[in-house]
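# Summary of structural features
The lines below spell out each chain.
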Amino acid sequence: MYASKDEQYLYKQAKTLLEKTSANAEDAIQQLRDVINYADWKYYVQSEPVLADVEYDTLFKKLKHLEEQYPEQVTADSPTQRVAMGLSEKFPAVSHLVPMLSLDNTYNAEDLLDWDRKCRELAGVDTIEYCVEPKYDGASISLVYEDGILKRGATRGDGVMGEEITTNIKQIRSLPLSVATKKSGITQIEIRGEVVIHKDVFAAYNAQRAAEGLAPLANPRNAASGTLRILDPKEVSKRKLSAILYHISYYTQEQGHKLPEALQTHYGSLQWLYQLGFPTPAKEMKVFRHIDEVIKFCDEFEQHRDDLPFEVDGLVIKVNSFELQDRMGMTSHHPRWAVAYKFKARQATSKLRKVEFQVGRTGSVTPVAKIDPVPIGGVTVTSISLFNEDVVREKDLHIGDTVLVERAGDVIPYIVKPLAELRTGEEEKIVFPTHCPVCNEPLERPEEEAVWRCINISCPAQVVERIIHFASKDAMDIRSMGDANVRKFYELGLLKDIPGIYHIDWDEVRKLGGFGEKSVTNLQTAIENSKQQPLNRVIYGLGIRHVGETMAKTLANAVSHIKDLYDWDEEKLVSLEDVGPKVAATVAHFFHTHENRHMLDMLEASGVNLANQKKNTPQTEGGLSGKTFLFTGTLNRFKRSEAEEMVEEKGGAILGGVSSKLNYLVVGEDAGSKLEKAKKLGTVAILTEDEFLDLIKGS
Ligand code: IVH
């Protein structure tokens, strides 16, 4: 959407505006909007941030401040208008300009050959050019822009009428609020697409829910469509939705304008939209002249379906020429010029045989369904968490039910529903225990919570789970320890609690079968190394309720030493970003409890780092202070997260993309566009993995 000349200008303009804004408010407002829109496009559509977060926030605040002073200057497409104030009461119904149709499905090469034959017959031609693009698994939306301004966003609804969700749509930062369609005389345009959630964002969101004791959302698709219907736009904004647009369903053009040439083919139309600043599959889509090539591509693509950042459930094949599309027309259900090629289902049915109850590290008792083994998406599923009693009741599950199981991508498997029509009458109710299945103490279900808990903190199940969590990869990363060893050591009395990890009697371990000298040494080294883990990992490892990895970082960054938290009351904790009253209460309670303080004393005495080393080492001492890094390609010498930690430890920063702010690009195997871009810029030092390690050593 921006020529490179404009980009340079806007980047410079952003830097100037950080220093001073124009004396004329109207000009200043326009300039600020231009650079903010540009920064949003770079960040959300191109994944190449050009401004640091603080710089962006400063510009945003300046714009907001000016608009408050000059309210008559506020327009619907100002970036400030993404941030909605009030809650919606409900979503009004709107009719789509053109009905939103579905797609016909194909599942194999034969179906595709059939479809191609029908297409050629209908169009009356021998060969057809096809365009192939991913089929995104999210919630479909329809957007209307008038005179270049986003006027309306709607859900699909029944295809004819949808729900008007404009305010929520504006929370999707990759969608432009205004575009330069007027240049082509286009006065009104309706565009279709899919709202999706990045798999990473989804996983992080579910991890946070789990830390809060909430049932995770089933899959990114449900998360996206559920989020679009949340009545509080601020909450929608937090969920970081993305969108991809794949179809122009309608437009009107003023007389006297020529139609952009691109608008003769589907391929051209999505490239044109991309140029205007819309997120489209412009980079992923492919054009083929023969169905055999389409089939080959479908096959290959399916092997790599998990490489995309979003969930895809197939590919969509579309006749490229709009003229041919018009000739072929639609049925009342789907266009005849497009078809979905569905990937192998990640759903299967199985029998629910029994439900077991597992006690977690916070005492929560989780029902786990044991089903007949069934392969789904390359793994055999036998066990599925049912999260809590409410989920079991809502789904009306019974022992003996045939259940529909889904496993999407990296997402954990879950039971979609029982197939009630297959019941024989022999199915049995699922009975929840009244006492802990491990220590036999009575269970409690605190008010407003969905889980039953064993409140005996010495319950062996909880103690073992707490040790496992402390040693886990994302906490202290004592890899060779593993769940099985923790359980074994605990059962044998070699390990009683978390500090006990640092006092294991190795002579006793050596006497156990299966522990050679090498595995003992490995374990000892891993335990020794864990003593130097940064404070956020220790805090995360303590397994405080509601404290996930992000919250642990927030807490660690706020103090110089973990014991500083002894003096923090709930009021002070709530002043931290994203800390609400619930988190504050559990954190304060944890650090005020005598047993926990004693445990921290023991850890400290064993040499475990409990200080925030970043805070205690002035940034300037880090040899890479002020330097920025980015990693690209497949790294063989170290993991990306490890390398990023090394940079941050030395005071350097990691950037999200190649820009003039980047100092070093570290390239692994098969580096692609980032490397090209860095070379073009000419200001970025390009390092191999070894050169990077040398730099770290030397700094
Ligand atoms: S084209 C007339 N393209 O799949 C245009 N749909 O199962 C019809 N979908 O309702 C839609 N990715 O919500 C199209 N690249 C893509 C798509 C796509 C996902 C969704 C869309 C549609 C559903 C049909």
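For the structure, check the block above.
Reading the values: rules and limits
- What you see as residue numbers is a count from 1 along each chain, following the sequence as written.
- In keeping with the predicted nature of the model, local features appear solely for residues at pLDDT of at least 70, side-chain atom pairs appear and are counted solely at 80 or more, and the whole-chain, interface and lining totals rest on all residues.
- The basis for every side-chain value is the complete set of non-hydrogen atoms in the structure, without hydrogens or water.
- In what follows, salt bridge is the name for a side-chain nitrogen of Lys or Arg lying within 4 Å of a carboxyl oxygen of Asp or Glu.
- Numbering of helices and strands runs from the N terminus, with a helix taken as a DSSP run of H or I at least four residues long and a strand as a DSSP run of E at least two residues long.
- Buried residues are those whose accessible area, probed at 1.4 Å on protein chains only, stays under 20% of the maximum for their type, while exposed residues exceed 50% and partly exposed ones sit between those limits.
- Pairs of residues are marked as contacts when any of their non-hydrogen atoms sit within 4.5 Å.
- Here, proximity means that at least one heavy atom of the residue falls within 4 Å of the molecule or strand.
- Here a polar contact is recorded for every N or O atom pair within 3.5 Å, except that within protein the pair must consist of a potential hydrogen donor and a potential acceptor, and residues adjacent in sequence are included only if both atoms are side-chain atoms.
- Residue-level accessible areas treat just the shown protein chains as cover; the underlying method is Shrake-Rupley with a 1.4 Å probe.
- The residue classification treats Ala, Val, Leu, Ile, Met, Phe, Trp, Tyr, Cys and Pro as nonpolar and Asp, Glu, Lys and Arg as charged. All others, Gly included, are polar.
- Whether two strands pair depends on DSSP finding at least two bridges between them.
- All axes are obtained by fitting lines to C-alpha atoms, using only the stretch in contact for helices, and the reported angles, taken between N-to-C directions, cover 0 to 180 degrees.
- Pairing of aromatic rings covers Phe, Tyr and Trp, the last through its six-membered ring, and needs centres within 6.5 Å; plane angles under 30 degrees mean stacked, over 60 mean edge-to-face, and all others mean tilted.
- The definitions used throughout rest on a 1 Å grid laid over the protein atoms alone, on which a cavity is an enclosed set of points accommodating a 1.4 Å probe that cannot get out and a pocket is an open set flanked by protein within 12 Å on both sides along at least five of seven lines; lining residues are those having an atom within 4 Å of a point.
- Grid points are joined across faces, edges and corners, and a volume is the space filled by probe spheres set on the points.
- Reported orientations rely on four angle classes, namely roughly parallel under 35 degrees, roughly antiparallel over 145, roughly perpendicular from 65 to 115, and oblique for the rest.
- Two helices cross in a left-handed way if the nearer one is turned anticlockwise from the farther one by less than a right angle. They cross in a right-handed way if the turn is clockwise.

### Examining the pattern of salt bridges
Per the counting criterion, the structure on display carries 40 salt bridges. The partner of Glu7 in a salt bridge is Lys42, and the shortest N-O contact between them spans 3.1 Å. Of the two residues, Glu7 sits in helix H1 (residues 4–19) while Lys42 sits in helix H2 (residues 25–45), which places them 35 residues apart along the sequence. For Glu7, a relative accessible area of 18% corresponds to the buried category. A relative accessible area of 4% means that Lys42 is categorised as buried. In this structure, the salt-bridge partner of Lys318 is Glu133, at a minimum N-O distance of 2.6 Å. Remark: Glu133 occurs in strand S3 (residues 130–136) and Lys318 occurs in strand S10 (residues 312–319); sequence separation between them is 185 residues.

### Structural notes on the environment of Lys15
Position of Lys15 among the secondary structure elements: in helix H1. Put simply, Lys15 and Leu113 are 98 residues apart on the chain and 56 Å apart in space, counted from C-alpha to C-alpha. The residues touching Lys15, leaving out its near neighbours within four places in the chain, are Glu55 and Lys661.

### Thoughts on the site of the ligand
Among the 15 residues in the neighbourhood of the ligand, the closest are listed as Glu133, Pro134, Tyr136, Glu194 and Lys318. At a separation of 2.8 Å, a nitrogen atom of the ligand approaches a polar side-chain atom of Glu133. Take Pro134: an N or O atom from its main chain is 3.0 Å from a nitrogen atom of the ligand. Calculation on the ligand without its partners gives an accessible area of 530 Å², and the protein chains cover 89% of this total. Mapped onto the shell around the ligand, the elements with two or more residues apiece are S3, strand S8 (242–253) and S10. Class assignment for the residues of the shell around the ligand results in eight nonpolar, three polar and four charged.

### Description of the sheet that holds S10
With mixed pairing, five strands are arranged side by side in an open sheet as S2-S11-S10-S3-S9. Where the open sheet ends on each side, the last strands, each with one partner, are strand S2 (104–106) and strand S9 (286–288). Strand after strand, the sheet turns through a mean of 35 degrees between neighbouring axes, direction not considered. The strands touched by helix H4 (residues 109–123) within the sheet are S2, S3, S10 and strand S11 (338–342), with S11 carrying the most contacts at an inclination of about 175 degrees. Along the sheet, helix H9 (residues 266–276) makes contact with S3, S9 and S10, crossing S3 at roughly 55 degrees.

### Thoughts on the packing of aromatic side chains
By the definition in use, this model includes 17 aromatic pairs. When the centroid spacing of 6.4 Å and the interplanar angle of 80 degrees are considered together, the rings of Tyr136 and Phe310 count as edge-to-face. Within this pair, whereas Tyr136 is found in strand S3, its partner Phe310 is found in the loop between helix H10 (291–303) and S10, the two being separated by 174 residues in sequence. Geometrically, the ring pair formed by Tyr341 and Phe343 is edge-to-face, given 6.2 Å between the ring centres and 75 degrees between the ring planes. Accessibility classification places Tyr341 together with Phe343 in one group, the buried group.

### What to know about the layout of surface pockets
By volume, the second largest pocket is sized at about 1300 Å³. In terms of lining residues, the second largest pocket is bounded by 42 residues, among which Thr362, Ile457, Gln462, Arg466 and Arg545 are the most central. Contributing elements (two or more residues each) for the lining of the second largest pocket: strand S18 (452–454), helix H13 (460–471), helix H20 (581–592) and helix H21 (594–605). For the lining of the second largest pocket, the residue count by class is 18 nonpolar, twelve polar and twelve charged.

### Examining the environment of Glu406
Within the secondary structure layout, Glu406 lies in strand S15 (residues 402–406). C-alpha separation for the pair Glu406 and Met599, spaced 193 residues apart in sequence, amounts to 42 Å. Engagement of the side chain of Glu406 in a polar contact is seen with the side chain of Gln347, the distance being 2.7 Å.

### Observations regarding unusual backbone geometry
The phi angle of most residues is negative, glycine excepted, and most peptide bonds adopt the trans form. Notably, Asp396 is not glycine yet its phi reads approximately 55 degrees, a positive angle. Positionally, Asp396 belongs in the loop between helix H12 (389–395) and S15. Since its relative accessible area comes to 39%, Asp396 is described here as partly exposed. Of note, the phi angle at Asp477 is positive, near 55 degrees, even though the residue is not glycine. You can see Asp477 is positioned in the loop between H13 and helix H14 (482–491).

### Looking at the packing of H1 against helix H3 (residues 53–69)
Taken N-terminus to C-terminus, the directions of H1 and H3 make an angle of 65 degrees; their axes are 10 Å apart at the nearest point. By the criterion of interaxial angle, the relationship of H1 to H3 is roughly perpendicular. The chirality of how H1 crosses H3 is left-handed. Note on element contacts: H3 touches H1 through Glu55, Thr58, Leu59 and Lys62, opposite Ala14, Lys15, Leu17, Leu18 and Glu19. Here the residues of the contact of H1 with H3 sort into four nonpolar, one polar and four charged.

### Regarding H9
When you tally the buried positions in H9, you get eight out of eleven residues, the bulk of the element. Within H9, the full set of buried residues consists of His266, Gly268, Ser269, Leu270, Trp272, Leu273, Tyr274 and Leu276. Check the buried side of H9 and you find it contacts H2, S3, strand S7 (186–196), S8, S10 and helix H11 (322–328). Taken from the residues just after H9, Gly277 is the one with a positive phi, measuring 115 degrees.

Geometric values such as these leave the question of function open.
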